[in-house]
Amino acid sequence: MKSLRTYLHDYAAAGVDREEMLDRVAAWPLEETLHDPVHTLPTHQDNTADVLAAAVVNGQISEEDYTEILRRRRTR
């Protein structure tokens with residue numbers, strides 16, 4: 001399985017259909033972000049909610065995509 005970051009990059013490059021992306025990302029098994037107060041640098045984990053939020057900031061998905069993904073996650 002690809003990382004979420006890679007999958008969203010493929011979507012942004014028009015390699016994945018929007019509806020497919022919404023369904024797949026809504027079902028994606030997100031990992032908890034590791035948190036260590038001593039470790040102040042980013043963890044670069046690939047399958048977290050932070051990656052999804054960063055995709056909005058980086059223009060890989062729209063805010064509407066993000067909202068729809070969250071809606072679909074809640075209904076699963």
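Residues numbered from 1 in each chain as written. Predicted model: local features only at pLDDT ≥ 70, side-chain atom pairs only at ≥ 80, totals over all residues. Heavy atoms only, no water.

## Some remarks on the side chain of E68
Right, on to step 1. Tracing the chain through its elements places E68 in helix α4 (residues 63–74).
Right, on to step 2. In this structure E68 comes out as buried when scored by relative accessible area, which is 18%.
Right, on to step 3. Here R71 takes part through its side chain, which lies 2.7 Å from a polar atom of the side chain of E68. (Helix = DSSP H or I, 4+ residues; strand = E, 2+ residues; numbered from the N terminus. Buried < 20%, exposed > 50% of the residue type's maximum accessible area, 1.4 Å probe, protein only. Polar contact = N/O pair within 3.5 Å; in protein donor to acceptor, adjacent residues only side chain to side chain.)

## So, the confidence of the model for the protein
Detail in the predicted coordinates should be disregarded across regions flagged by low pLDDT.
Right, on to step 1. Per-residue pLDDT for the protein has a mean of 90; in total, 93% of the residues score no lower than 70.
Right, on to step 2. Across the protein, element-level confidence peaks in helix α2 (residues 18–26) with a mean pLDDT of 97 and bottoms out in helix α3 (residues 49–57) with 94. (pLDDT = per-residue confidence, 0-100.)

## With respect to the nonpolar core
Right, on to step 1. Counting residues in each nonpolar core, the largest one holds 14 residues, and the members touching the most others are L4, L8, M21, V25, L52, I61 and I69.
Right, on to step 2. Broken down by element, this core gets its largest block of residues, 4 residues, from helix α1 (residues 4–12).
Right, on to step 3. Apart from residues lying up to four places away in sequence, I69 is in contact with M21, L22, V25, A26, L52 and I61. (Core = buried A, V, L, I, M, F, W, Y, C linked by side-chain atoms within 4.5 Å. Contact = heavy atoms within 4.5 Å.)

## Here's the deal with the environment of A55
Right, on to step 1. Within the fold, A55 resides in helix α3.
Right, on to step 2. Separated by 11 residues in sequence, A55 and Y66 place their C-alpha atoms 8.8 Å apart.
Right, on to step 3. Here A55 is in contact with L8, Q60 and I61, once residues within four sequence places are set aside.

## A short note on the pattern of salt bridges
Right, on to step 1. A complete count under the given rule lists 7 salt bridges for this structure.
Right, on to step 2. Between R5 and D46 there is a salt bridge, with the nearest N and O atoms lying 2.1 Å from each other. Taken together, the positions of R5 in helix α1 and D46 in the loop between α2 and α3 put the pair 41 residues apart, joining distant regions of the chain.
Right, on to step 3. For D65, the salt bridge goes to R18, with nearest N and O atoms at 2.6 Å. Of the two residues, D65 is situated in helix α4 and R18 in helix α2; the sequence distance between them amounts to 47 residues.
Right, on to step 4. Judged by relative accessible area, which is 3%, D65 ranks as buried.
Right, on to step 5. One salt-bridge network, held together by shared partners, links E19, D23, E68, R71 and R72. (Salt bridge = Lys/Arg side-chain N within 4 Å of Asp/Glu carboxyl O.)

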